[in-house]
Amino acid sequence: MKIMILGSGAREYSIALALKNIDQNLIFFFSPGNGATENLGTNINLEKPLELANYAKENEIDLCIVGSENFLAQGIVDIFKQHNLTIFGPSKAAAMLETSKSFMKNFLQKYQIKTAKFLNTNSLEKAKEFILTLTPPIVIKADGLCAGKGVIIAQTYEEAIDSASKMLSGESFGDAGKCIVIEEFLDGFELSIFAVCDGDDFILLPVAQDHKKLLDQDKGPNTGGMGAYAPSSLASEDLLEKIKKDIIIPTLSGMKKENSEFIGVLFIGIMVVDQEPYVLEFNVRFGDPECEVLMPLIENPLELILATTQKRLKNTKINIKKEYAVGVVCASENYPYKSSEKTEISIKSIPENTHISYAGVSLNNGKLMADGGRVLVCVGVGKDIKEAQKKAYELCENIEFKGKQFRKDIAYQVTQ
């Protein structure tokens with residue numbers, strides 16, 4: 001079976017690694033991939049959806065898995081389906097749950113799904129008026145895709161107005177910020193919920209928790225994610241039932257009413273306030289680094305993906321291992337402020353029940369180089385969360401590259 005995976009990060013590497021662990025005969029193609037995906041398959045450097053569709057036809061690709069949201073925003077799923085190609089992911093219209101925060105907030109309001117009080121606007125005057133009705137901290141979001149960085153949590157009215165002004169002028173996030181969403185700040189704890197959906201039915205994956213801040217104890221600037229763990233004991237059965245009944249089911253039925261049937265991964269950022277779940281945001285693909293800790297826990301990920309594309313989740317049994325996984329991101333020296341010099345990666349050994357998912361890496365004369373940004377993720381799996389955490393950090397200590405930085409407290413919420 002030939003599988004094409006679209007994206008270049010540790011998420012895409014993790015998907016391929018999990019599938020290859022089940023069936024060594026699978027043949028992988030990555031676009032664009034990274035320096036380490038070449039060890040799993042073939043990297044192809046195509047970016048345009050039509051080029052990828054033509055390549056998939058010419059090379060008889062059996063399945064395409066979309067990792068990166070940028071491809072979904074371009075409507076790659078629609079183009080593949082027009083060419084009768086099998087692809088895992090939502091249509092361009094359904095992907096608006098992620099690609100437009102104002103669409104998402106209006107959808108939540110229309111279908112009475114709990115979310116923070118908000119205003120969508122492209123007017124600075126209206127933004128100022130609404131900001132002054134809220135109590136700081138105040139959340140300001142760019143409407144478009146910003147690679148996980150388009151959110152400001154302003155601590156004062158002045159900072160909120162300044163952030164709104166910089167977004168609307170294009171100074172902060174270019175065109176992605178020309179329309180903004182202003183929200184009240186919800187005070188609770190966050191969870192990452194993943195529902196794999198075939199338009200009508202869904203399968204809930206283990207609940208994960210991401211660590212966005214650069215430094216221990218959630219200090220420092222926001223990043224694309226410095227680590228994650230799953231499953232989280234913070235999600236009670238009662239809470240999960242509320243999320244299914246009050247969020248996932250209304251979202252799937254609402255999207256059908258909007259003629260935008262949702263097929264793929266619905267990734268819901270939840271804020272739990274007094275045991276009530278509120279939607280912070282929707283994403284329409286696996287999270288990164290959450291994907292890296294979910295993949296090792298799914299016994300039959302290929303069957304899950306195929307059942308989704310064939311709309312037969314209702315009659316599909318997906319086994320989740322009774323284990324825990326912790327992923328720790330090793331980032332480059334200057335992340336997230338600026339680029340870092342390329343530097344060679346050395347690995348002493350890979351302990352049992354651990355593996356590396358590679359992201360910002362390249363090959364130079366056969367040597368694996370850290371390219372900058374989030375370089376790789378150290379994943380540990382164990383019978384409980386503490387064992388998984390210990391394994392992940394054991395692997396971290398076995399990897400060296402100049403300027404390596406990583407948080408020392410991933411999964412602290414459930415291990416202290």
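Residues numbered from 1 in each chain as written. Predicted model: local features only at pLDDT ≥ 70, side-chain atom pairs only at ≥ 80, totals over all residues. Heavy atoms only, no water.

The chain has the name Phosphoribosylamine--glycine ligase in an unreviewed UniProt entry, where Campylobacter molothri is given as its organism.

This part covers the overall build of the chain. Helix and strand counts for the chain stand at 13 helices and 25 strands. For a compact globule of 416 residues, the expected C-alpha radius of gyration is about 22 Å, and the chain comes in at 21 Å, within 12% of that figure. Counting only C-alpha atoms and orienting by the principal axes, one finds that the chain spans roughly 60 × 45 × 40 Å. Looking at the 416 residues of the chain, the share that counts as buried comes to 57%. If you take every contact in the chain between residues at least 6 apart in sequence, the share linking residues at least 24 apart comes to 68%. Summed over all atoms, the accessible surface of the chain reaches about 17600 Å², with 47% contributed by carbon and sulfur. If you average the places of the 46 positive and of the 55 negative side-chain charges in the chain, the two averages end up 1 Å apart. (Helix = DSSP H or I, 4+ residues; strand = E, 2+ residues; numbered from the N terminus. Rg over C-alpha atoms; globule rule 2.2 N^0.38 Å. Buried < 20%, exposed > 50% of the residue type's maximum accessible area, 1.4 Å probe, protein only. Contact = heavy atoms within 4.5 Å. Areas by Shrake-Rupley, 256 points an atom, 1.4 Å probe, with all protein chains shown as cover. Lys, Arg positive; Asp, Glu negative; His and termini not counted. Charge placed at Lys NZ, Arg CZ, Asp CG, Glu CD.)

Judged by nonpolar contacts, the single largest core of 75 residues is most densely connected at Ile3, Ile65, Phe286, Val326, Ile345 and Leu376. A per-element tally of this core places helix α1 (residues 10–22) first, with seven residues. In this view, Phe286 contacts Arg11, Ile15, Phe88, Phe194, Leu205, Val265, Phe267, Cys291 and Met295; residues no more than four positions away in its chain are not counted. Counting 48 residues, the second largest nonpolar core, distinct from the first, contains Ile61, Tyr111, Phe262 and Ile268. (Core = buried A, V, L, I, M, F, W, Y, C linked by side-chain atoms within 4.5 Å.)

Overall, antiparallel pairing links the four strands, which are arranged β11-β10-β16-β17 in an open sheet. The open sheet is flanked by β11 (202–204) and β17 (276–283), the only strands paired with a single partner. When strand polarity is set aside, the average angle formed by the axes of neighbouring strands in this sheet is 30°. As paired strands, strand β16 (residues 263–273) and β17 are joined by seven bridges and run antiparallel to one another. For Met271, the partnering residue across the bridge sits in β17 and is Tyr278. Contacts from helix α9 (residues 237–257) reach β10 (189–198), β11, β16 and β17, with the element oriented near 45° to β17. (Pairing = 2+ DSSP bridges. Axes fitted to C-alpha atoms, helices over the stretch in contact; angles between N-to-C directions.)

We now examine the pairing of strand β2 (residues 27–32). Pairing of strand β1 (residues 2–7) with β2 involves six bridges; the strand directions are parallel. Each residue of the ladder has a partner; that of Gly7, found in β2, is Pro32. Note that the unit made of β1, α1 and β2 has a crossover that is right-handed. Judged from the three bridges that link them, β2 and strand β3 (residues 41–43) form a sheet pairing that is parallel. The partner of Phe28 across the bridge, within β3, is Gly41. (Right-handed = clockwise from strand over helix to strand, strands pointing away.)

So, on to α1. In this model α1 runs 18 Å from its N-terminal to its C-terminal C-alpha over 13 residues, within 8% of the 18 Å that 1.5 Å per residue would give. Buried residues dominate α1, accounting for eleven of its 13 residues. When we look at burial in α1, the residues that qualify are Ala10, Arg11, Glu12, Tyr13, Ser14, Ile15, Ala16, Leu17, Ala18, Leu19 and Lys20. (Expected span 1.5 Å × (residues − 1).)

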